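Examination of the molecular architecture
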Amino acid sequence: MKSVARTDIGRVRSINQDVVMALDEYTKAPFNLYIVADGMGGAKAGDYASRALVQYVKDYIDNNDDSMIGLVRKAIEDANAKIYELSKNNEEFHGMGSTVVAAGINAGTLYAFNVGDSRLYLVRNGLLQITKDHSFVEDEVEKGHITRDSKEYKLNKNYITRAVGVDKEVEVDIFEVDLTEGDKILLCSDGLSNMIDDKEIYDIINKSDDLEKTVNNLIAAANEKGGTDNISVILINYEREV
């Protein structure tokens, strides 16, 4: 497995509240692990929440045994409980939280885990969004009240309905995908997906097999469109295990 992970502050924010982690070879677990976390709250609180989330998830997996699904889900739930307690008991961190999108890959199967509006895409003859955004506008689209190209969608797309650390308990969505040789997997924060549309994302990925160049081009494109948020990207090239 090969991957490139990068996070960029963008052109507007004064601090980067995104955190990425890519473990192509994970010595503590029998699977590859990739995480993007996008912090929310005050500048210090959001930064802390995303960093803590990634570290708590890794620590839990390092020190516990279970199936991949059980480990990653319970790790996110454990991080949620710890961040929630810290937020509740420390005024400095009150209201903090973080989105998370994670991927575990083993034996030709991808498991995606998400809370919030950071996304995971499968790149295979096009760009397929695997995760579902936990956001006000996606709920309204599902109810048939608005469309994704509407003014209401564009104005309200930053309002998320689920995040790690905001409530005492959190529900983690889990998705399963069978992989084939040559698939690419993209994890990103909304600093990418809110700035450039799916077609442009796919076109950039499809132009080059150089993962590092492609990740840099994705971030550059988001910055060229304004870079109004932190931008995080993990791009994975799936190679069948032998």
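Up top you'll find the structure we're talking about.
Read on for a plain summary of the structure. (Residues numbered from 1 in each chain as written. Predicted model: local features only at pLDDT ≥ 70, side-chain atom pairs only at ≥ 80, totals over all residues. Heavy atoms only, no water.)

1. Some words on the nonpolar core
By size, the foremost hydrophobic cluster in this structure holds 33 residues, and its most contacted members are F31, L53, I61, V72 and I76. Elements represented by at least two residues in this core include exactly β2 (18-23), β3 (32-40), α1 (43-62), α2 (68-89), β4 (97-106) and β5 (109-115). Excluding its chain neighbours within four sequence positions, the residues that come into contact with V72 are F31, L33, I61, A102 and F113. L186, I205, V215 and I219 belong to the second-largest nonpolar core, a separate cluster that totals 21 residues. (Core = buried A, V, L, I, M, F, W, Y, C linked by side-chain atoms within 4.5 Å. Buried < 20%, exposed > 50% of the residue type's maximum accessible area, 1.4 Å probe, protein only. Helix = DSSP H or I, 4+ residues; strand = E, 2+ residues; numbered from the N terminus. Contact = heavy atoms within 4.5 Å.)

2. Quick notes on the layout of surface pockets
The volume enclosed by the largest pocket comes to roughly 520 Å³. Surrounding the largest pocket, 21 residues form its lining, R119, E138, R148, Y153 and S193 being those nearest its centre. Of all the elements in the fold, those that place two or more residues in the lining of the largest pocket are α3 (136-143), α4 (151-156) and α5 (190-193). If one sorts the elements of the lining of the largest pocket by residue count, α3 sits on top with four residues. A per-class count over the lining of the largest pocket returns five nonpolar, four polar and twelve charged. Here the second largest pocket is characterised by a volume of approximately 360 Å³. What lines the second largest pocket is a set of 17 residues, among which R13, D38, N158, D190 and D229 lie closest to the centre. Of all the secondary-structure elements, those providing two or more residues to the lining of the second largest pocket are β3 and α5. By residue number, the principal contributor to the lining of the second largest pocket is β3, which donates three residues. Residue classes in the lining of the second largest pocket are distributed as three nonpolar, eight polar and six charged. (1 Å grid on protein atoms, 1.4 Å probe; cavity = no way out; pocket = protein on both sides within 12 Å on 5 of 7 lines; lining within 4 Å. Points joined across faces, edges and corners; volume = space filled by probe spheres on them. Nonpolar A, V, L, I, M, F, W, Y, C, P; charged D, E, K, R; others polar.)

3. Some thoughts on the packing of aromatic side chains
A complete count under the given rule lists two aromatic pairs for this structure. Residues Y26 and F31 carry aromatic rings whose centres are separated by 6.1 Å and whose planes lie at 90° to one another, so their mutual orientation is edge-to-face. In this pair, the class of Y26 matches that of F31, namely buried. When the ring of Y48 is compared with that of F93, the centres are 4.8 Å apart and the planes differ by 25°; the resulting orientation is stacked. (Phe/Tyr/Trp six-rings, centres within 6.5 Å; stacked < 30°, edge-to-face > 60°.)

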